[in-house]
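# Per-entry structural report
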Amino acid sequence: MSDRVEFAVMNGLGNKILVVDMRGRTDRVTPTAAVALAADSSTAFDQIMAIHDPKVDGTDAYIDILNCDGSKAQACGNGTRCVVQALASETGRKSFTFQTIAGILNAVEHQDGTISVDMGKPVFAWDKIPLSEEFHDTSRIELQIGPIDAPILHSPSAMSMGNPHAVFWVDRDPMTYDLERFGPLLENHPIFPEKANITLAQVTSKTTMVTRTWERGAGLTLACGSAACAAGVSAARTGRTDRKVTITVASSPGRGTLTIDWRADDKVVMTGPAEWEWSGMVDPATGSWQRDASADAEAATP
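None of these values were measured; they are calculated from a predicted model. (Residues numbered from 1 in each chain as written. Predicted model: local features only at pLDDT ≥ 70, side-chain atom pairs only at ≥ 80, totals over all residues. Heavy atoms only, no water.)

### Side note on the packing of aromatic side chains
Tallied over the entire structure, the rule returns four aromatic pairs. Between phenylalanine 124 and tryptophan 262, the aromatic rings sit 6.1 Å apart at their centres with planes inclined by 70 degrees, giving edge-to-face as the arrangement. Placement of phenylalanine 124 in the loop between strand E7 (115-118) and strand E8 (144-145) and of tryptophan 262 in strand E16 (residues 257-262) is noted, with a sequence separation of 138 residues between them. What makes phenylalanine 124 partly exposed here is its relative accessible area of 24%. Here the aromatic rings of tryptophan 278 and tryptophan 289 are separated by 5.3 Å at their centres, their planes lie at 40 degrees, and the arrangement is tilted. Of the two residues, tryptophan 278 is situated in strand E18 (residues 275-282) and tryptophan 289 in strand E19 (residues 289-291); the sequence distance between them amounts to 11 residues. You can call tryptophan 278 buried: its relative accessible area is 6%. (Phe/Tyr/Trp six-rings, centres within 6.5 Å; stacked < 30°, edge-to-face > 60°. Helix = DSSP H or I, 4+ residues; strand = E, 2+ residues; numbered from the N terminus. Buried < 20%, exposed > 50% of the residue type's maximum accessible area, 1.4 Å probe, protein only.)

Rendered as structure tokens:
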């Protein structure tokens, strides 16, 4: 078995993704390799999407997802779009079905290049998110940052999109909050036994929102697809918006947008772009890598 496999550096609205092709192999991308790749400025990422041979009939691949600290992630919507773009370019197909820890995901690439991912059904039960305390209504849980009589952030909506999320409602641009300071405290709060993704969400109309996310296991991120889903669902659940919203991801380059549709069948469909940057070869055990010079030269040819 060769030491190195093909990988691509991609992004979904700036969410830094490494797509690693592990098909035909029995090994996995190790936490050691993930940490080494994250520490290199050329390959720094939010999530690794490792494509493995399918384990279940009717699926196209099993996707193993790692955070930049080497921990496992259950879901990554932006990363899934990157996988779809990579496989669509390779195969010419437009529709795919993937298995992840969080379940089965269906995805399709549209004619305009945007990609829709069926992220599954949201989970609201406190012990399934999970939370360490029982809440009858998780649309507003008791949690705050700042002085008791004047908290900076408080009363988030909690839910799971295959991974735990807390959405704090704010009344101004999320970029004006010191999320780098508050994010680690909230991610690791005892109320979240498996930690949580922390999102600040500003509702600007019944069909539009602005978000910014501190991502579990990754920290400040330019974009987080499952967090956008959680924000869109939570906004509709609490009556702040309709069930279909356009979310401006404040921290993404150019403040890019995602469309979140919480459909009548309870499934959440996220639509947005994916972008290929460059490719190469990587050792999934150590993280040592080499850039594909021929691909760079081809891309640079007028």
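### Here we look at the UniProt feature "binding site: substrate" (unreviewed entry) in the protein chain
Listed under "binding site: substrate" (unreviewed entry) in the UniProt record, and renumbered for this structure, are Asn15, Gln47, Asn67, Gly77, Asn78, Asn163, Asn197, Glu215, Arg216, Gly225 and Ser226. The annotated residues contributing to the lining of the largest cavity are Gln47, Asn67, Asn163, Asn197, Glu215, Arg216 and Ser226. Turning to its location among the elements, glutamine 47 is positioned in strand E3 (residues 47-52). A residue is classified by how much of its surface remains accessible, and glutamine 47, at 1% relative accessible area, is buried. Counting through the fold element by element, asparagine 78 comes out in helix H2 (residues 77-91). (UniProt positions renumbered as here; feature names shortened; annotations may be inferred. 1 Å grid on protein atoms, 1.4 Å probe; cavity = no way out; pocket = protein on both sides within 12 Å on 5 of 7 lines; lining within 4 Å.)

### Brief notes about H2
For H2, with 15 residues, the first-to-last C-alpha span of 21 Å sits near the 21 Å given by 1.5 Å per residue. Listed in full, the buried residues belonging to H2 are Gly77, Asn78, Gly79, Thr80, Arg81, Cys82, Val83, Val84, Gln85, Leu87 and Ala88. Of the residues one or two after H2, glycine 92 is the one with positive phi, at around 85 degrees. (Expected span 1.5 Å × (residues − 1).)

### Examining unusual backbone geometry
In this model, isoleucine 129 is joined to proline 130 through a cis peptide bond whose omega is -5 degrees. Structurally, the position occupied by proline 130 is in the loop between E7 and E8. Here leucine 13, not a glycine, exhibits a phi torsion of approximately 55 degrees, which is positive. Mapped onto the elements, leucine 13 comes out in the loop between strand E1 (5-12) and strand E2 (15-21). In the Ramachandran plot, aspartate 266 falls in the positive-phi region, its phi being about 80 degrees despite a non-glycine side chain. Structurally, the position occupied by aspartate 266 is in the loop between E16 and strand E17 (268-272).

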